[in-house]
Number of protein chains: 2
Amino acid sequence: MPPNRPAYLLSALLLAAAAAAVGARRHASPAANATFAGEPVYLWPLPKSVSSGSRTLTVDPDLALDPQGLGGRSPAVAEAFQRYRGLVFAPWAHAARAGRARYDVTRLTVVVASANDTLALGVDESYAIYVAAAGGVDSIVGGAIIEANTIYGAIRGLETFSQLCVFNYDTKNVEVHNAPWHIQDEPRFAFRGLLLDTSRHYLPVDVIKQVIDSMSFAKLVPTYPNLWKGSYSKWERYTVEDAHDIVNYAKKRGINVMAEIDVPGHAESWGNGYPKLWPSPICTEPLDVSSDFTFEVIFGILSDMRKIFPFGLFHLGGDEVYTGCWNTTPHVRQWMDERKMTTKDAYKYFVLKAQELAIKLNWTPVNWEETFNSFEENLNPLTVVHNWLGPGVCPKVVAKGFRCIMSNQGVWYLDHLDVPWEDVYSGEPLAGISDREQQKLVLGGEVCMWGETADTSDVLQTIWPRAAAAAERLWSQLEAISAQDVETTVLSRLHRFRCLLNHRGVAAAPVTNYYARRPPVGPGSCFVQ
Amino acid sequence: MPPNRPAYLLSALLLAAAAAAVGARRHASPAANATFAGEPVYLWPLPKSVSSGSRTLTVDPDLALDPQGLGGRSPAVAEAFQRYRGLVFAPWAHAARAGRARYDVTRLTVVVASANDTLALGVDESYAIYVAAAGGVDSIVGGAIIEANTIYGAIRGLETFSQLCVFNYDTKNVEVHNAPWHIQDEPRFAFRGLLLDTSRHYLPVDVIKQVIDSMSFAKLVPTYPNLWKGSYSKWERYTVEDAHDIVNYAKKRGINVMAEIDVPGHAESWGNGYPKLWPSPICTEPLDVSSDFTFEVIFGILSDMRKIFPFGLFHLGGDEVYTGCWNTTPHVRQWMDERKMTTKDAYKYFVLKAQELAIKLNWTPVNWEETFNSFEENLNPLTVVHNWLGPGVCPKVVAKGFRCIMSNQGVWYLDHLDVPWEDVYSGEPLAGISDREQQKLVLGGEVCMWGETADTSDVLQTIWPRAAAAAERLWSQLEAISAQDVETTVLSRLHRFRCLLNHRGVAAAPVTNYYARRPPVGPGSCFVQ
């Protein structure tokens, strides 16, 4: 950037402010006001701190990227900028541009401090945005600026910037209302997940990409397709290349992919290829705990997956293990007897051994809460416990020093179609945890899209708009959320976000239908349905 | 093409054969066999004539286009080729390509006789495909060839070629099974429509494009979004540029866009902008028949639309006109009395006057069947009558010399969710018409996606897979369809086509659920749900 451009000074200032905000994360921060100039702030999820004005600025359809900082020139930033420019402007906007029209915002400066593109849990996603007219009376300097420490912060900022851009049907310009804007933002939780179940129904790669795209709109981050669990036909499988493709596609949107193999209780289909994994032909689940071969296969699968999934966490399942037929299969029963093991002991043995294998591959194991509920005293201290059975689990988990992810099925299982968006919105990962150090052990939460009745035809409208409610809960400051009137301000923002998803081609369902993914009840606007 | 390549000779031969087939259209043609080598022909809709063999050919991920003929080098052909290559090969296929691997099919020759890209009703969509290994024992010459008289025939051929290409999960190659293939094809009806109702719910431009894309997969052709009918909010409108964008997008896929303004019965919302169009504030429908201003506005709208929609047909509606309040509005009543008109006369006057305006703009008017049912003796001879109320209408229409489009609501209204795919498949536009000359007056049919309960969230799974059943009825030879066992051969092909739609990211619903667009009932493969 030429040194005589005053934006640079402001730029440095904003970055410092953003860094300070990061430092201040553990202190109470003022709740963002929900309205400005009488109009709600139509941003989803709500940023940490927002100030705005009363001017309307036009945005040039030829909006140029002005990349700054070590990371600003990375291809990922340029690609994300192009993607968002495509979302903000109609395909004909460039051609319709008036030859000599003057626009208020002609370039977007994106300053990224670091060129490191590692996407690890807890990566710095903070950003600051400043939008003002050049030479305007209400600003020292003009233009639109996004500043971030990492390219992933810049990507979050681009999403927010795109939500500030509104099409004016009368002038056919894209405008930013209520400028100047000054936004400082960062997520409340690092882990803001969406589980995608690709085992009950095969989801084609393009559909997984549609889901990943839409996740980035709501600033959701990790997911874990059960990519290798079963296969209904020879055409419904994923290749290693497909998995690489998905991981790369997600990374460009700042989204990690966490994989899961759910052992020993949900791996029956493996035995189709390796019948020796089954205790017997009439006992096909759980996997044979007594056989070394079982763990050889698990280690082989984990080793293969390690090459594909760079994310530091790996989900080993461990839920819903019904060990009855271990008892009734002679060689398994004999193996347990020799070791004076009950079936519960054998279950523990299995889970801990699988954890060891994952840790050996430099993975942090994630396990469903049944493992914690059954033998917390033996669980590897590295374990991240994944809640699902009900409320109040994370408090117990973090009290014992384990990390926790909340997915309480009562509010965050998206296949529970009778859970309205307000209930999803009410899910609070820190409920019942007052100790600051214990709060830090809650990584965040995850909404779960189990696939019994969700396939390509309906998965997106089962996910949206309810997943957006969890996304705001996980991103925005607690004070900001609690201070609002859910049925008024929040609902109108959520309607608007649902329409934004629709506008971007995402099949988000009506917001207020009592059952999720029901069709609209009659003609009407997406802004009120 | 170098003259020493023998493919050229074959090419000329196939083209002649295709031309002959076009000429033979009115004669009975042998039904295409539904199975080859024990395996169903997995093509949808079924081509007119198919022969295949027993070889498996591999297709090069770097498949090259070899354009031939006057029209072969048109950008539309190159663009369509790129599009289909993207659908056939995974994004990683090129990188995974084995360096020196030899593929059987390395180039696709596309011969297009004419460079004329006019997309009119009845444009020549015939094509021929030949796929064989170079130097194979079962062929004189090798390669893959598509021949067509127009670029739109070539686009249909590319769709069929893409359906011959199957991914092999073991070798990771794309293969063509049962080669050599020789296919000659052309549609049975020129008008194979899908109505998209954008008035009950606004469908964003990107969603309309998704629908257009998916239509091209099933070789459906015209559609008519009611782009200008009402607006629920200032963000739910289409600009003129949007309409141009949609028309161009559709044209590249060989799809015409027919627009509709439905007067006088379904235009109440116009009065929000022009209250004078309403007979009175308490009589807001139908439009004021007594006022010249009404027809000035209609002509203004038609003139604007003429610049946007090059298609030769324009839909003027004319259905569901309830004229009661014309009688009770004094100035309208007086106007009718002065002319000794009944309300029925006034309705006729309105429709005929609107037809005149459309004809003046060089449009062929399409009107719903109520107009024919009410005053067939006065209807302009150019009128295309659009059936919807029930069966048996087209026979009466063509007996009077009018042209007809079938949309019998009992089988082809997609918003009737209780109509299973077999019933859609049973819809026959020529039912009850035995006279050859009268048969020619049936342009085809149209499935109607009325939008009371269909918005962005569910429109694609309400359309698919049932629209595919109508698509085959309208494209494939009658004999081929009737000869098949609907519940076996056809169903397995339709399952496969639904999975193809899913694979291409289209949210087609399960085929066999009793109610359309219901979710799958449980885990399973898309090939059986």
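Along each chain, residue indices are assigned from 1 in the same order as the chain's sequence is written. Note on labels: chains are lettered from A, ligands numbered from 1, in written order. Totals for whole chains, interfaces and linings use every residue, but because this is a predicted model, local features are given only for residues with pLDDT of at least 70 and side-chain atom pairs only at 80 or more, for both listing and counting. The side-chain values count all of the structure's non-hydrogen atoms but skip hydrogen atoms and water molecules.

> Can you walk me through the sheet that holds strand β12 (residues 313-315) of chain B in this structure?
Across a sheet, paired strands are connected by hydrogen bonds in the backbone, their directions being either parallel or antiparallel. Residues and elements named next belong to chain B. Any two strands between which DSSP finds at least two bridges are classified as paired. Only DSSP runs of H or I covering at least 4 residues are called helices, and only runs of E covering at least 2 are called strands; the numbering of each starts at the N terminus. Reading across the sheet, the six strands line up as β11-β16-β15-β14-β13-β12 and stay open at both edges, with parallel pairing between neighbours. What marks the edges here is a single partner per strand, and that holds for β11 (191-196) and β12. In this sheet, neighbouring strand axes are inclined to one another by 30° on average, regardless of whether the strands run parallel or antiparallel. In the sheet, strand β14 (residues 384-386) pairs with strand β15 (residues 403-406) via three bridges, with the strands oriented parallel. Looking at β15, one finds that V385 is bridged to C404. Only the stretch in contact is used when fitting a helix axis, every axis being a line fitted to C-alpha atoms; angles between N-to-C directions are given from 0 to 180 degrees.

> Looking at this structure, I do not really get the domain arrangement of chain A. What am I missing?
A common way to state how big an interface is: give the accessible area lost once the parts meet. Residues and elements named next belong to chain A. Annotation of chain A at the domain level lists domain 1 (7-185), domain 2 (188-257 + 387-477) and domain 3 (262-374). The split into domains, and so the bounds of each, comes from an automatic or database assignment of domains. Each of domain 2 and domain 3 has a C-alpha centre, and these two points are 23 Å apart. Whether two residues touch is decided by their heavy atoms; if any such pair falls within 4.5 Å, the residues are in contact. Listed by partner, the interface residues are 29 residues for domain 2 and 20 residues for domain 3. Take the accessible area each of two parts loses on contact, using a 1.4 Å probe, and add the two losses: that sum is the buried area. For the pair domain 2 and domain 3, the summed buried surface comes to about 1,900 Å²; carbon and sulfur atoms form 73% of the total. Salt bridges are defined by distance alone: a side-chain nitrogen of Lys or Arg within 4 Å of a carboxyl oxygen of Asp or Glu. In this assembly, domain 2 and domain 3 are joined by zero salt bridges. For the purposes of these results, a polar contact is taken to be a pair of N or O atoms within 3.5 Å, where, inside protein, one atom must be able to donate a hydrogen and its partner to accept one; residues adjacent in sequence count only when each atom of the pair is a side-chain atom. At the surface where domain 2 touches domain 3, the tally comes to four residue pairs in polar contact (both at pLDDT 80 or more). Secondary-structure elements contributing two or more residues to the side of domain 2 that touches domain 3 are β11 (191-196), α6 (240-251), α13 (393-399), β15 (403-406) and β16 (442-449). For the side of domain 2 that touches domain 3, the per-class residue count stands at 19 nonpolar, five polar and five charged. Residue polarity is assigned by list, with Asp, Glu, Lys and Arg as charged and Ala, Val, Leu, Ile, Met, Phe, Trp, Tyr, Cys and Pro as nonpolar; anything else, Gly included, falls into the polar class.

> What's the story with the state of the cysteines in this structure? I'm lost.
Each disulfide consists of a covalent bond between the sulfur atoms of two cysteine residues. Residues and elements named next belong to chain A. To count as a disulfide, a pair of cysteine sulfur atoms needs to be within 2.5 Å. Scanning all chains against the criterion turns up six disulfides over all chains. Sulfur-sulfur distance for the disulfide between C499 and C526 comes to 2.1 Å. The sign of the 140° torsion about the S-S bond sets the C499-C526 disulfide as right-handed. Placement of C499 in helix α20 (residues 486-503) and of C526 in the segment after α20 is noted, with a sequence separation of 27 residues between them. Each of the two residues, C499 as well as C526, counts as buried. Relative accessibility decides the category of a residue: with a 1.4 Å probe and only protein chains considered, values under 20% of the type maximum give buried, values over 50% give exposed, and everything between is partly exposed.

> Sorry if this is basic, but what is going on with the UniProt feature "active site" (unreviewed entry) in chain A here?
Residue and element names in this part refer to chain A. UniProt positions are given in the numbering used here, feature names are shortened, and annotations may be inferred rather than shown by experiment. The positions UniProt marks with the feature "active site" (unreviewed entry) are E320. Inspection of the secondary structure puts E320 in the loop between β12 (313-315) and α9 (324-328). Aside from chain neighbours lying at most four places away, what touches E320 is G265, H266, E370 and W388. Side-chain polar atoms of E320 contact the side chain of H266, separated by 2.8 Å.

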